[in-house]
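Chain and residue survey
Each chain is listed here by its residues.
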Amino acid sequence: MEAGLLTNMARNLLLQSQIKYLCSSHPKSNITFLKQTSKRWQHTRAERRELKGVMKAWQIRRYGGNEELTWSESVRVPRILHPDDILVSVNAASLNMLDIRMREGYGRAMINAVRNKERLHAPQSEFPLILGRDFSGTILKTGMKVKRFKSGDKIWGTVSPFRQGSHAELTVTSESHISKIPTNLTDVEAASLPYVVSTVMTALCDVGELKENNTASKRVLIYGGSGGIGTFAIQLMKAWGAIVTTTCSTDAVTMVSSLGADHVIDYKTQNVQQELMNMKGYDLILDIHGGVDFSFDLLKKWNNSKFVTIKTPFLQNADDYGIVPGLLRSGASLTANVLQGFKDGRSYRWAMFKPSSNHLLTVKKMIERDEIRPVLDSEFSFKEADKAYNKIEEGHARGKIVLNMQREDHP
Ligand SMILES: NC(=O)c1ccc[n+]([C@@H]2O[C@H](COP(=O)([O-])OP(=O)(O)OC[C@H]3O[C@@H](n4cnc5c(N)ncnc54)[C@H](OP(=O)(O)O)[C@@H]3O)[C@@H](O)[C@H]2O)c1
């Protein structure tokens, strides 16, 4: 048994014996003390979990389908390992396509390599694995070097894929992955966005080089606008003044139009390639769906235009061929596309999720100015996470699917 757990148990026993003593000796003052004490005990469920050292979480013990997801009430509470770590009580957490892919084993070669390196500092094993890459929550504890946040702060943020995830009562992340929560959102609304924000802003801003002051009137194509990534990307681009074209299936056309998209192509009933070819060239194409390399030709020539895809073969190649051969293969395929673009003065780029406090802070302010709103497909209680996984796996979610840890049917 761990020393920390023993200390917590001893602390609990001491508190209980204090209560017993006061009950037997000072009946009146005891009532006040007991009220205060019980308030403290009720204070947060999360604090009790942390003291006990165990929590509730969804885990997988091997890769596979949703049947691998298991509910456990005795999962070890994650520990602060680094000085910039933060222990968070999760109020709500969203589901992302990456959760489904990671459940199947996607990315395991690269993710395990990094996890194993981390073992030098603290033992972590692949299984049982907790999925969930973002959350809204309350800080319970901070590492020694955390300067910008303190316990009790309400935050939103992401959890790196190398760590145990947020589909749990408590999770540990780093100061660089979070910001204060937007003040005008509920916990559920806030939890829907951090992973999406970090991915889209990496793709459009860091890789695509779009900023608030250079985006106005730029022509942007968002390929796949009705899901979690697309609904946020459309709003960000519209808030910065871009002219946005997007694609989706028939039942989502009204919804993506309501987010401000200027041109919506229904890929179920229209010939997307033909429709796009009839339009003027683009300054930036964000490929969310994958397999749309034909659209590279829709970029303006010699205009610093960029094709940015978030559907990269990077992790899959490492899984399929091993890390070094996979990296070589990925490098070769990226180089071939980049070279193809050179001859027409167009740029081909890959983008992947990157955590960023700054991006979260920028979007927090935009949300508070009502420039962006969360788009929620559905909400499930924590205990219903298996149903939420089934729902996201069906595809065609309209925005995000979120777990509400505070809903009443939470056991
Ligand atoms: N590189 C990274 O770091 C990174 C990070 C996050 C996400 N991603 C990837 O980004 C993708 C999108 O994520 P998401 O959360 O937005 O997923 P999502 O909510 O499922 O949205 C998928 C989008 O693709 C569209 N789509 C589905 N099938 C299509 C088809 N046959 N033809 C054209 N469009 C189609 C959907 O349109 P309809 O539903 O209207 O049919 C929807 O707009 C995922 O594959 C995910 O793995 C990558």
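Everything in this summary refers to the structure shown in the same document. For every chain, the first residue of the written sequence is number 1, and numbering continues from 1 along that sequence. Local features in this predicted model are restricted to residues whose pLDDT is 70 or higher, and side-chain atom pairs enter the listing and the counts only when it is 80 or higher, whereas totals over whole chains, interfaces and linings include all residues. With hydrogens and water excluded, all non-hydrogen atoms of the structure serve as input to the side-chain values.

1. Considering the sheet that holds strand 11 (residues 284-287)
Stated formally: In this analysis, strands are considered paired if DSSP registers two or more bridges between them. Segments assigned H or I by DSSP are reported as helices when at least four residues long, segments assigned E as strands when at least two residues long, and all are numbered from the N terminus. Note on definitions: angles span 0 to 180 degrees between N-to-C directions of axes, and those axes are lines fitted to C-alpha atoms, for helices only across the stretch in contact.
Across the sheet, 6 strands lie side by side as 10-9-8-11-12-13; this open sheet has parallel pairing. Of all strands in the sheet, those with a lone pairing partner are strand 10 (263-266) and strand 13 (346-350), marking the two edges. Going across the sheet, the axis of each strand differs from the next one's by a mean of 15°, ignoring polarity. Judged from the 4 bridges that link them, strand 11 and strand 12 (residues 305-309) form a sheet pairing that is parallel. By the bridge assignment for strand 12, Leu284 is matched with Lys306.

2. Here's the deal with the side chain of Thr215
Short version of the rule: Throughout this description, buried means an accessible area under 20% of the type-specific maximum (1.4 Å probe, protein chains only), exposed means over 50%, and partly exposed covers the range between.
Mapped onto the elements of the fold, Thr215 is located in the loop between helix 7 (194-207) and strand 8 (219-223). For Thr215, a relative accessible area of 0% puts it in the buried group.

3. Topic: unusual backbone geometry
Excluding glycine, residues mostly have negative phi values, and the peptide bonds linking residues are mostly trans. That bond from Phe127 to Pro128 is cis: its omega, -10°, falls within 30 degrees of zero. You can see Pro128 is positioned in the loop between helix 5 (108-118) and strand 4 (134-142). The phi torsion at Ser217 lies on the positive side, around 70°, for a residue other than glycine. The topology assignment puts Ser217 in the loop between helix 7 and strand 8. The backbone phi angle of Asn304 is positive, close to 60°, even though this residue is not glycine. Its location among the elements puts Asn304 in the loop between strand 11 and strand 12.

4. Thoughts on the pattern of salt bridges
Where charged atoms from two side chains of opposite charge come close, those side chains can pair. Operational definition: Within this document, salt bridges are pairs made up of a side-chain nitrogen of Lys or Arg and a carboxyl oxygen of Asp or Glu, the two lying within 4 Å of each other.
Counted by the stated rule, this structure contains 23 salt bridges. Between Glu368 and Lys364 there is a salt bridge, with its nearest N and O atoms 2.8 Å apart. Residue Glu368 and its partner Lys364 are located together in helix 13 (residues 357-368), separated by 4 residues, close to a single helical turn. Judged by its relative accessible area of 13%, Lys364 falls in the buried class. When salt bridges with common partners are traced through the structure, they connect Arg101, Arg103, Glu104 and Glu393 into a single cluster.

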